[in-house]
Amino acid sequence: NVILLPNLKSFLEIYLGGPGSGRSTQCELVSLYSGLAHVSSGKVVKQEIMSGSKTLYDYLVNGECVPNALMAGIIKEEMLTKASGKGYSVKVYFS
């Protein structure tokens, strides 16, 4: 799905789908050719855990889903870190 949000100066492209649906491949290719900043929810979670985030680790060890509000905040922080003048290509998996 391609979403252009009015009143924003950035382009936002979001890829949703289950495991094996091709989200990563499409997101990476679009980012490569368009210059959009690539943000992957899976990579963001791994980075958070590796940095010592006890909150995410506890959810995953207990077999629980990370709440959408928490994931949205983490993804937002990653987007701010990778700020691109052109916009973002975001790959997410919501359960």
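Residues numbered from 1 in each chain as written. Predicted model: local features only at pLDDT ≥ 70, side-chain atom pairs only at ≥ 80, totals over all residues. Heavy atoms only, no water.

## Some thoughts on the packing of helix α2 (residues 41-50) against helix α3 (residues 54-61)
Working note: a packed helix pair is described by the angle between its axes plus the distance between those axes.
Working step 1: The geometry of α2 relative to α3 is characterised by a closest axis approach of 8 Å and an angle of 110° between their N-to-C directions. Regarding the angle of α2 to α3, the classification is roughly perpendicular. Regarding α2 and α3, the two cross each other, and that crossing is left-handed. Listed contacts from α3 to Val45, Glu48 and Ile49 of α2 are Leu56, Tyr57 and Leu60.
Working step 2: By residue class, the composition of the contact of α2 with α3 is 5 nonpolar, no polar and 1 charged. (Axes fitted to C-alpha atoms, helices over the stretch in contact; angles between N-to-C directions. Helix = DSSP H or I, 4+ residues; strand = E, 2+ residues; numbered from the N terminus. Parallel < 35°, antiparallel > 145°, perpendicular 65-115°, else oblique. Left-handed = near helix turned anticlockwise from the far one by under 90°. Contact = heavy atoms within 4.5 Å. Nonpolar A, V, L, I, M, F, W, Y, C, P; charged D, E, K, R; others polar.)

## A few points about α2
Working step 1: What α2 keeps buried is the set Ser41, Val44 and Val45. Projected down its long axis, α2 shows its buried positions confined to an angular sector of 100°, all on one face. Every exposed residue of α2 that faces more than 90 degrees away from the buried side is listed here: Lys46 and Met50.
Working step 2: One or two positions beyond α2, positive phi appears at Gly52, with a value near 100°. (Buried < 20%, exposed > 50% of the residue type's maximum accessible area, 1.4 Å probe, protein only. Arc of directions from axis to C-beta.)

## What to know about the nonpolar core
Working step 1: Counting residues in each nonpolar core, the largest one holds 13 residues, and the members touching the most others are Leu12, Val39, Met71, Ile75, Met79, Tyr88 and Val90.
Working step 2: Where this core is concerned, the elements lending two or more residues are β3 (37-40), α2, α4 (68-81) and β4 (87-92).
Working step 3: Top contributing element to this core by residue count: α4, with 4 residues.
Working step 4: Excluding residues within four positions of it along the chain, Val90 makes contact with Leu12, Glu13, Ile14, Tyr15, Cys27, Val39, Ile75 and Met79. (Core = buried A, V, L, I, M, F, W, Y, C linked by side-chain atoms within 4.5 Å.)

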